Amino acid sequence: MSWLEKLLPSKIQQTDPADRRSVPEGVWVKCPSCETVLYKNDLQENQNVCPKCNHHHRISARARLDAFLDPEGRYEIGQEVLPMDPLKFKDSRKYPERLKEALENTGETDALVVMGGSVHSINLVAACFEFDFMGGSMGSVVGERFVRGVHTAIEQKVPFVCFTATGGARMQEGLLSLMQMAKTNASLTRLAQKGLPYISILTDPTMGGVSAGFAFMGDMVIAEPKALIGFAGPRVIESTVRVTLPEGFQRAEFLMEKGAIDLICDRRDLRKTVANTLAMLTRQSADSVS
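Residues numbered from 1 in each chain as written. Predicted model: local features only at pLDDT ≥ 70, side-chain atom pairs only at ≥ 80, totals over all residues. Heavy atoms only, no water.

S.K.: Would you take a moment to explain the overall build of the chain for this structure?
M.R.: The number of helices and strands found in the chain is ten helices and nine strands. The C-alpha extent of the chain, read off along each of the three principal axes, is 85 × 50 × 45 Å. Burial status across the chain gives 43% buried among its 290 residues. For the chain, the share of sequence-separated contacts (at least 6 apart) that also reach a separation of at least 24 residues comes to 67%. By element, 52% of the accessible surface of the chain is carried by carbon and sulfur atoms, the whole surface being about 16,000 Å². (Helix = DSSP H or I, 4+ residues; strand = E, 2+ residues; numbered from the N terminus. Buried < 20%, exposed > 50% of the residue type's maximum accessible area, 1.4 Å probe, protein only. Contact = heavy atoms within 4.5 Å. Areas by Shrake-Rupley, 256 points an atom, 1.4 Å probe, with all protein chains shown as cover.)

Rendered as structure tokens:
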């Protein structure tokens, strides 16, 4: 018996550490902005926006589309297109190994999910990046699914909406990845020729080849609050040009001030904002939008 046990009153019973109840992992989330500890279910019900400081947490592609689209009439486009390894690329690991790991972590076969559906009864096609799949990088599958989504929009004569969350081109596919910049922009040119709207919604982060391509091609470009948007990252720019960048550089508010985007919109208001915009652009009415 230790000296501490001798000092403890006899009525105080010690609990075996193995029997102590522990809080299950993943129940609480700490906001990286205000450091408030939040109940995960409450955060998810608020579309992963912190109720204390309105920080927009990153969200998966399917969770975003689930919150954005009407529940009825959804259908997926291009899910049968799967990645390959034509270059037999290998850095510290083989490309197929990275693809397999990304599939296990996200449940997705590549970094873009495309769905047809509606928002407040306005029919459209929506594409959304999955950032947790290899940093939302754009390879051949992302480009092909994007183009198939645009072609579906053209066939059905409906608008096209894209949510970006990406680090840029996928280096494991080399020039095949860079070709997607021209391929996706060409499809948007055909969409514009048919007089169909394209709305681009930039979320955190939107960088690299995607920001240099279709991210800023929208008839309306919307960004979520404080989203990081640019081509090269701030640290790369500072180390290259040897200057201190202004506060808030490459954030949505900075781009809004410089006229690079049209609107900053809270995630919880996106359905209403997009529906009202499309109703105006397509000269139709949207149900239950106030």
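Once you've had a look at it, read on.
S.K.: Just checking my understanding: could you explain the packing of aromatic side chains for this structure?
M.R.: Aromatic ring pairs are defined here through the distance separating the ring centres and the angle between the ring planes. Tallying each qualifying case throughout the model produces seven aromatic pairs. A centroid spacing of 6.2 Å and a plane angle of 25° characterise the contact between Phe-129 and Phe-214, whose relative ring orientation is stacked. Residue Phe-129 is found in strand 5 (residues 122-129), and its partner Phe-214 is found in the loop between helix 7 (208-211) and strand 8 (220-223); the two are separated by 85 residues along the sequence. Per residue, the accessibility class of Phe-129 equals that of Phe-214, and both read buried. One aromatic cluster in this structure is built from Phe-129, Phe-146, Phe-160, Tyr-198 and Phe-214. (Phe/Tyr/Trp six-rings, centres within 6.5 Å; stacked < 30°, edge-to-face > 60°.)

S.K.: What should I look at first to understand the pattern of salt bridges in this one?
M.R.: Enumeration over the complete set of coordinates arrives at 17 salt bridges. Its salt-bridge partner being Asp-66, residue Arg-74 comes within 2.8 Å of it at the nearest N-O pair. Residue classification places Asp-66 among the partly exposed positions, given a relative accessible area of 48%. A salt bridge links Glu-101 to Arg-93; its shortest N-O distance comes to 3.0 Å. On the basis of relative accessible area, Glu-101 is assigned to the partly exposed category, the value being 35%. Arg-93 gets classed as partly exposed once you look at its relative accessible area, which sits at 28%. Connected through shared salt-bridge partners, Glu-80, Glu-144, Arg-148 and Lys-183 make up one network. (Salt bridge = Lys/Arg side-chain N within 4 Å of Asp/Glu carboxyl O.)

S.K.: Just checking my understanding: could you explain unusual backbone geometry for this structure?
M.R.: Across residues other than glycine, the phi torsion is negative in most instances, and most of the peptide bonds are trans. With omega at -10°, the peptide bond leading from Asp-204 into Pro-205 counts as cis. Positionally, Pro-205 belongs in strand 7 (residues 198-206). Even without a glycine there, the phi angle at His-120 is positive, about 50°. Its place among the elements puts His-120 in the loop between strand 4 (112-119) and strand 5. On the basis of relative accessible area, His-120 is assigned to the buried category, the value being 15%.

S.K.: Please explain the layout of surface pockets as it appears in this structure.
M.R.: Here the largest pocket defines a volume of roughly 310 Å³. Within the residue set of the lining of the largest pocket, elements represented by two or more residues are helix 2 (40-45), helix 3 (61-68), strand 5, strand 6 (160-166) and strand 7. When its residues are assigned to classes, the lining of the largest pocket shows ten nonpolar, six polar and six charged. (1 Å grid on protein atoms, 1.4 Å probe; cavity = no way out; pocket = protein on both sides within 12 Å on 5 of 7 lines; lining within 4 Å. Points joined across faces, edges and corners; volume = space filled by probe spheres on them. Nonpolar A, V, L, I, M, F, W, Y, C, P; charged D, E, K, R; others polar.)

S.K.: Any chance you could explain the sheet that holds strand 9 (residues 263-264) here in plain terms?
M.R.: The strands making up a sheet are joined through hydrogen bonds of the backbone, oriented either antiparallel or parallel. Strand order in the open sheet formed by seven strands is 3-4-5-6-7-8-9, and the pairing between neighbours is mixed. With one partner strand each, in any of the chains shown, strand 3 (75-77) and strand 9 form the two edges of the open sheet. As defined by bridge partners, strand 3 adjoins strand 4 across three bridges and the pair is classed as antiparallel. Residue Ile-77 lies in a different strand from strand 4, and its bridge partner there is Val-114. Across the face of the sheet, helix 10 (residues 270-282) comes into contact with strand 4, strand 5, strand 6, strand 7, strand 8 and strand 9 while running at roughly 150° to strand 7. (Pairing = 2+ DSSP bridges. Axes fitted to C-alpha atoms, helices over the stretch in contact; angles between N-to-C directions.)

S.K.: Just to check I follow, could you spell out the nonpolar core for this structure?
M.R.: Across soluble globular proteins, nonpolar side chains show a tendency to be buried alongside one another. Ranked by internal contacts, the top residues of the largest apolar core, which has 37 residues, are Phe-146, Phe-160, Leu-191 and Phe-214. Ranked by residues supplied to this core, first place goes to helix 5 (residues 140-156) with five residues. With sequence-adjacent residues up to four places away left out, Phe-146 is seen in contact with Leu-112, Val-114, Phe-160, Cys-162, Thr-184, Ser-187, Leu-188, Tyr-198 and Phe-214. Core analysis: the next-biggest nonpolar cluster, separate from the first, contains 24 residues, Ala-61, Val-119, Ala-275 and Ala-279 among them. (Core = buried A, V, L, I, M, F, W, Y, C linked by side-chain atoms within 4.5 Å.)

S.K.: Looking at this model, I keep getting lost on the pairing of strand 6. Mind explaining?
M.R.: Most of strand 6 is tucked away: seven of the seven residues are buried. Of the two faces of strand 6, the one lined by Phe-160, Cys-162, Thr-164 and Thr-166 and the one lined by Val-161, Phe-163 and Ala-165 are each fully buried. When strand 5 meets strand 6, the two strands line up parallel, connected through four bridges. Paired with Cys-128 across the two strands is Phe-163, which belongs to strand 6. Once you follow strand 5 into helix 5 and on to strand 6, the crossover reads as right-handed. As paired strands, strand 6 and strand 7 are joined by six bridges and run parallel to one another. Residue pairing for strand 7: Phe-163 is matched across the bridge by Ile-201. Each parallel crossover has a hand, and the one from strand 6 via helix 6 (residues 174-193) to strand 7 is right-handed. (Right-handed = clockwise from strand over helix to strand, strands pointing away.)

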